[in-house]
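Here is how the chains run, residue by residue.
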Amino acid sequence: MECKLNIENDILTAELDGEIDHHTAKDIREQIDLEIEMQNPKTLVLDFSDITFMDSSGIGLIMGRYKKIKQSGGKVKIKNPSPNTFRVLKLAGMDRLAKIEREE
Amino acid sequence: MKTINQFKMRLQAKSTNESFARASVGAFIAQLDPTIEEISDIKTAVSEAVTNCIIHAYKEFSGDIYITVKIFENNKVKIVIRDKGCGIDDINKAMEPLYTTGGAERAGLGFAVMQSFCDKLRVISKVGKGTTVSLFKEIKSK
Ligand SMILES: Nc1ncnc2c1ncn2[C@@H]1O[C@H](COP(=O)(O)OP(=O)(O)O)[C@@H](O)[C@H]1O
Ligand SMILES: [Mg+2]
């Protein structure tokens, strides 16, 4: 599991790589939260292009970051989830809380 | 129904084993030539059940997770995930979407995912004895 963080113009992008489950979510959460606290971004982009698996622990991860960044008026975007990850997002109603962007 | 093939494993309830458990079950099911979507459905449901054993069942003490996968005639699969942990007091309440006793980082959607990604879900539990989750899915194949 890898989580590359990059901030530009108040947009914090987290490029995630591998599988998101309860085991890997902890590390991703700690890295992203530290960056949110230090940089106070307006938007958090979760780049899922290289995520090969996600279960409901990923929903907990997104919800937690959503609540955190919303406190300071920020928003969350989810980029390029796989069809399978998208089904989990949809089941959780994440498409109503965050913008889900898909590109080729 | 006649059992055509069977796989059993017992593993320690450690979060590092979550990926191993779902990958093993997925690899065993592969003999039925499932679609990518079917494999993903099964791996996601197994991941939910196994994670529940680790974070809920064995919250206070450690133990093992028992997984049995049976393949029946007509491409039907039954996956049983059992723990000897704390058990569930009110199963109906536990299965409600968004219900969690796991704190802020849990979505409370594990059972909802299992239900939606399998054909049938059965949960049997006894407080102080443990929980058995059975997942049923028919592999339609390519
Ligand atoms: N194997 C188990 N042993 C004990 N309690 C469980 C087990 N599985 C689920 N639960 C209970 O059911 C609740 C809902 O589970 P779930 O839908 O997977 O959501 P989450 O794992 O996010 O809490 C859990 O918070 C827990 O209280
Ligand atoms: Mg769960």
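Data block above holds the structure.
Below or above, wherever it landed, is the structure these notes cover. On a predicted model such as this, the values are computed, not experimentally measured, just so you know.

### Section: the packing of aromatic side chains
Stage number 1. Overall, the coordinates contain two aromatic pairs over all chains when judged by the stated rule.
Stage number 2. Ring geometry for Tyr 58 of chain B against Phe 61 of chain B: centres 5.9 Å apart, planes inclined by 80°, an arrangement best described as edge-to-face.
Stage number 3. Its relative accessible area of 41% is what places Phe 61 of chain B among the partly exposed residues.
Stage number 4. Stacked on the ring of Phe 117 of chain B, the Lys or Arg Arg 87 of chain A has its end atom at 4.9 Å from the ring centre.
Stage number 5. Cation over ring: Arg 82 of chain B sits above Tyr 66 of chain B, and NZ or CZ is 4.6 Å from the ring centre.

### Here we look at the interface of chain B and chain A
Stage number 1. With 25 residues of chain B in contact, the opposing surface of chain A contributes 20 residues.
Stage number 2. Taken together, the two surfaces of chain B and chain A that pack against each other cover about 1,800 Å², and 52% of this comes from carbon and sulfur.
Stage number 3. In this assembly, chain B and chain A are joined by five salt bridges.
Stage number 4. For the interface between chain B and chain A, the tally reads 11 residue pairs in polar contact (both at pLDDT 80 or more).
Stage number 5. Contributing elements (two or more residues each) for the side of chain B that touches chain A: helix 1 (17–29), helix 2 (36–57) and helix 4 (110–117) of chain B.
Stage number 6. Residue contributions to the side of chain B that touches chain A peak at 11 residues, all from helix 2 of chain B.
Stage number 7. Residues of the side of chain B that touches chain A, tallied by class, amount to eight nonpolar, nine polar and eight charged.

### Regarding the site of ligand 1
All names here are of chain B.
Stage number 1. Taken together, the neighbourhood of ligand 1 is formed by 19 residues, with Asn 52, His 56, Thr 100, Thr 101 and Gly 108 sitting nearest.
Stage number 2. Side-chain polar atom of His 56 to an oxygen atom of ligand 1: 2.8 Å apart, as the coordinates give it.
Stage number 3. One of the side-chain N or O atoms of Thr 101 is found 2.6 Å from an oxygen atom in ligand 1.
Stage number 4. The fraction of the free accessible surface of ligand 1 (540 Å²) that becomes covered by protein chains is 96%.
Stage number 5. Elements represented by at least two residues in the shell around ligand 1 include exactly helix 2 and helix 4.
Stage number 6. Tallying contributions element by element places helix 2 first for the shell around ligand 1, with three residues.
Stage number 7. Tallied by class, residues from the shell around ligand 1 come to eight nonpolar, nine polar and two charged.

Reading the values: rules and limits
Every chain's residues receive numbers from 1 upward, in the order its sequence appears when written. Key to labels: chains lettered from A, ligands numbered from 1, both in the order written. Note on the predicted model: pLDDT of at least 70 is required for a residue's local features to be given, and 80 or more for side-chain atom pairs to be given and counted; whole-chain, interface and lining totals, by contrast, use all residues. Hydrogen atoms and water are omitted, and side-chain values are computed over all heavy atoms in the structure. Put simply, two rings from Phe, Tyr or Trp (the six-membered ring, in Trp's case) pair if the centres are within 6.5 Å, and we call them stacked under 30 degrees between planes, edge-to-face over 60, tilted for the rest. Relative accessibility thresholds used throughout: buried, under 20% of the residue-type maximum; exposed, over 50%; partly exposed, between the two (1.4 Å probe, protein chains only). Lysine and arginine charges are scored as sitting over a ring when NZ or CZ, respectively, is within 6 Å of the ring centre and within 35 degrees of the ring normal. The contact definition used throughout considers only heavy atoms, calling two residues in contact when any of these lie within 4.5 Å. Put simply, buried area is the surface a 1.4 Å probe can reach on two separate parts but cannot reach once they are joined, added for both. Here a salt bridge means any side-chain nitrogen of Lys or Arg lying within 4 Å of a carboxyl oxygen belonging to Asp or Glu. Whenever two N or O atoms come within 3.5 Å, that pair is a polar contact, provided that in protein one can donate a hydrogen and the other can accept it, and provided that, for residues adjacent in sequence, both atoms are side-chain atoms. Put simply, DSSP H or I for four residues or longer makes a helix, DSSP E for two residues or longer makes a strand, and each gets a number counted from the N terminus. Under the convention adopted here, Pro, Cys and the residues Ala, Val, Leu, Ile, Met, Phe, Trp and Tyr are nonpolar, Asp, Glu, Lys and Arg are charged, and Gly plus all remaining residues are polar. Definition of nearness: a residue and a molecule or strand are near each other if at least one heavy atom of the residue lies within 4 Å of the molecule or strand. Residue exposure ignores everything except the shown protein chains as possible cover, and the areas themselves are Shrake-Rupley values with a 1.4 Å probe.

The values are spatial; any link to function lies outside them.
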